[in-house]
Amino acid sequence: QVQLVESGGGLVQAGGSLGLSCAASGSGFTIKAMGWYRQAPGKQRELVATITSGGMTNYVGSVKGRFTISRDNAKNTVYLQMNSLKLEDTAVYYCAAGRTDLYYAMEYWGKGTLVTVSS
């Protein structure tokens, strides 16, 4: 079984920056695609950014140019650097991972970390 543990959420002012990290642990697993999703109050969960095992990235349009996803394969860790944060970025951010590089086939999920952007 794979466990994903996020860290780095918190409160930040609009225009500020915040970094998230997520470490995968367990035994006998292979992680390929990793990514971040978010769910704002009253809204459905949406993809934020994904990254394949080879480093190919994919972003939702609203965060392009502001957020950067990266990973350390040796540490089974994925990061999300969020810059120029907006009020609408407020959400619970979930880490996700899968055994394939298909970004839409994530199998493992973290419990989420809250990011609150204030004015």
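The rules behind these values
- Residues numbered from 1 in each chain as written.
- Predicted model: local features only at pLDDT ≥ 70, side-chain atom pairs only at ≥ 80, totals over all residues.
- Heavy atoms only, no water.
- Helix = DSSP H or I, 4+ residues; strand = E, 2+ residues; numbered from the N terminus.
- Buried < 20%, exposed > 50% of the residue type's maximum accessible area, 1.4 Å probe, protein only.
- Patch = residues over 30% accessible without salt bridge, like charges linked within 9 Å, V, L, I, M, F, W, Y side chains within 5 Å.
- Areas by Shrake-Rupley, 256 points an atom, 1.4 Å probe, with all protein chains shown as cover.
- Salt bridge = Lys/Arg side-chain N within 4 Å of Asp/Glu carboxyl O.
- Pairing = 2+ DSSP bridges.
- Axes fitted to C-alpha atoms, helices over the stretch in contact; angles between N-to-C directions.
- Lys, Arg positive; Asp, Glu negative; His and termini not counted.
- Polar contact = N/O pair within 3.5 Å; in protein donor to acceptor, adjacent residues only side chain to side chain.
- Contact = heavy atoms within 4.5 Å.

A closer look at unusual backbone geometry
Part 1 of the argument: Non-glycine residue Asn76 carries a positive phi angle of around 50°.
Part 2 of the argument: Note on placement: Asn76 falls in the loop between strand E7 (67–72) and strand E8 (77–82).
Part 3 of the argument: Residue Ser84 is not a glycine yet carries a positive backbone phi of 50°.
Part 4 of the argument: Looking at the secondary structure, you find Ser84 in the loop between E8 and strand E9 (91–97).
Part 5 of the argument: Ser84 gets classed as partly exposed once you look at its relative accessible area, which sits at 41%.

Observations regarding a nonpolar patch on the surface
Part 1 of the argument: Taken together, Leu102, Tyr103 and Tyr104 make up a surface patch of nonpolar side chains, about 330 Å² in accessible area.
Part 2 of the argument: Along the chain, Tyr104 turns up in the loop between E9 and strand E10 (108–109).

Notes on the sheet that holds strand E1 (residues 2–7)
Part 1 of the argument: Pairing within the open sheet is antiparallel, and its four strands lie in the order E1-E3-E8-E7. Of all the strands in the sheet, just E1 and E7 have a single pairing partner and so form its edges. Each strand axis lies, on average, 15° off the axis of its neighbour in the sheet, ignoring direction.
Part 2 of the argument: In terms of strand pairing, E7 meets E8 through six bridges, oriented antiparallel. Directly across from Arg71, in E8, lies its bridge partner Val78.

Brief notes about the side chain of Glu6
Part 1 of the argument: Examined against the element boundaries, Glu6 turns out to sit in strand E1.
Part 2 of the argument: The buried charged residue Glu6 lacks any salt bridge, with Arg45 as its nearest oppositely charged partner at 7.9 Å.
Part 3 of the argument: At 3.0 Å, the side chain of Glu6 forms a polar contact with the backbone nitrogen of Gly112.
Part 4 of the argument: In this structure Glu6 touches Ser21, Cys22, Trp36, Tyr93, Tyr94, Cys95, Gly110, Lys111, Gly112 and Thr113, once residues within four positions along its chain are discounted.

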